[in-house]
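The residues making up each chain are set out below.
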Amino acid sequence: MKNSEKTRLTIRMDLDRKKKAERIAEGMGIDLTAAVNLFVSQMIKENGLPFKPTNNSLAIDLKQALKDVQDGNTTDYSTEDFMEHLNTSED
């Protein structure tokens, strides 16, 4: 956009969430303002949200598991090792 007029966007969010987002953006070499602008630019390009909102984590996990198997990203466990892995895995 050439010579476009600028405006201010004010949003309210949890302080902890903002700090986490700032750290992530900084890790990518940008600030939070640039990250929000990237989000909005992608939203315009997609004519919608730049991701598929869903609350069906099971379908997402299954899709990833199938991709992992197809890509050969698997691990062999004995029954005992598998049970230990389940008991020590994080959510």
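Each remark here, short or long, concerns the structure printed above.
Here we summarise the structure given alongside this text.

Scoring rules and cut-offs
- Residues numbered from 1 in each chain as written.
- Predicted model: local features only at pLDDT ≥ 70, side-chain atom pairs only at ≥ 80, totals over all residues.
- Heavy atoms only, no water.
- Helix = DSSP H or I, 4+ residues; strand = E, 2+ residues; numbered from the N terminus.
- Rg over C-alpha atoms; globule rule 2.2 N^0.38 Å.
- Buried < 20%, exposed > 50% of the residue type's maximum accessible area, 1.4 Å probe, protein only.
- Areas by Shrake-Rupley, 256 points an atom, 1.4 Å probe, with all protein chains shown as cover.
- Lys, Arg positive; Asp, Glu negative; His and termini not counted.
- Charge placed at Lys NZ, Arg CZ, Asp CG, Glu CD.
- Salt bridge = Lys/Arg side-chain N within 4 Å of Asp/Glu carboxyl O.
- Phe/Tyr/Trp six-rings, centres within 6.5 Å; stacked < 30°, edge-to-face > 60°.

**Some details on the overall build of the protein**
Moving on, step 1. Tallying secondary structure elements over the protein gives 4 helices and 0 strands in all.
Moving on, step 2. Its helices and strands taken in sequence order, the protein reads α-α-α-α from the N to the C terminus.
Moving on, step 3. The C-alpha radius of gyration computed for the protein amounts to 20 Å, which surpasses the reference 12 Å derived for 91 residues by more than 25%, pointing to a less compact arrangement than a globule.
Moving on, step 4. If you line up the protein on its principal axes, its C-alpha atoms span 65 × 30 × 25 Å.
Moving on, step 5. Going through the 91 residues of the protein one by one, you find that 1% of them count as buried.
Moving on, step 6. As displayed, the protein offers around 9200 Å² of accessible surface, 52% of which is attributable to carbon and sulfur atoms.
Moving on, step 7. The averaged location of the 16 negative side-chain charges in the protein is 16 Å from the averaged location of its 13 positive side-chain charges.

**Structural notes on the pattern of salt bridges**
Side chains bearing opposite charge may pair, as long as their charged atoms lie close to each other.
Moving on, step 1. On inspection of all chains with the given rule, the structure shows 3 salt bridges.
Moving on, step 2. Ionic pairing is found between aspartate 16 and lysine 20, a salt bridge with its closest N-O pair at 3.3 Å. Linking aspartate 16 with lysine 20, this pair stays in helix 1 (residues 15–27), spanning 4 residues, or about one helical turn.
Moving on, step 3. Take aspartate 16: its relative accessible area is 40%, and that puts it in the partly exposed class.
Moving on, step 4. Among the residues examined, lysine 20 registers a relative accessible area of 43% and is labelled partly exposed.
Moving on, step 5. Measuring nitrogen to oxygen at the nearest pair gives 2.7 Å for the salt bridge that ties lysine 67 to aspartate 71.

**Let's talk about unusual backbone geometry**
Moving on, step 1. Look at asparagine 47: it is not a glycine, yet its phi comes out positive at around 55°.
Moving on, step 2. Structurally, asparagine 47 can be placed in the loop between helix 2 (32–46) and helix 3 (57–71).

**Points about the packing of aromatic side chains**
Moving on, step 1. Following the criterion strictly, the structure yields 2 aromatic pairs and no others.
Moving on, step 2. An angle of 40° between the planes, with centres 6.2 Å apart, marks the rings of phenylalanine 39 and phenylalanine 51 as tilted. In this pair, phenylalanine 39 is assigned in helix 2 and phenylalanine 51 in the loop between helix 2 and helix 3, connecting sequence segments 12 residues apart.
Moving on, step 3. Looking at phenylalanine 39, the relative accessible area reads 33%, which means it is partly exposed.

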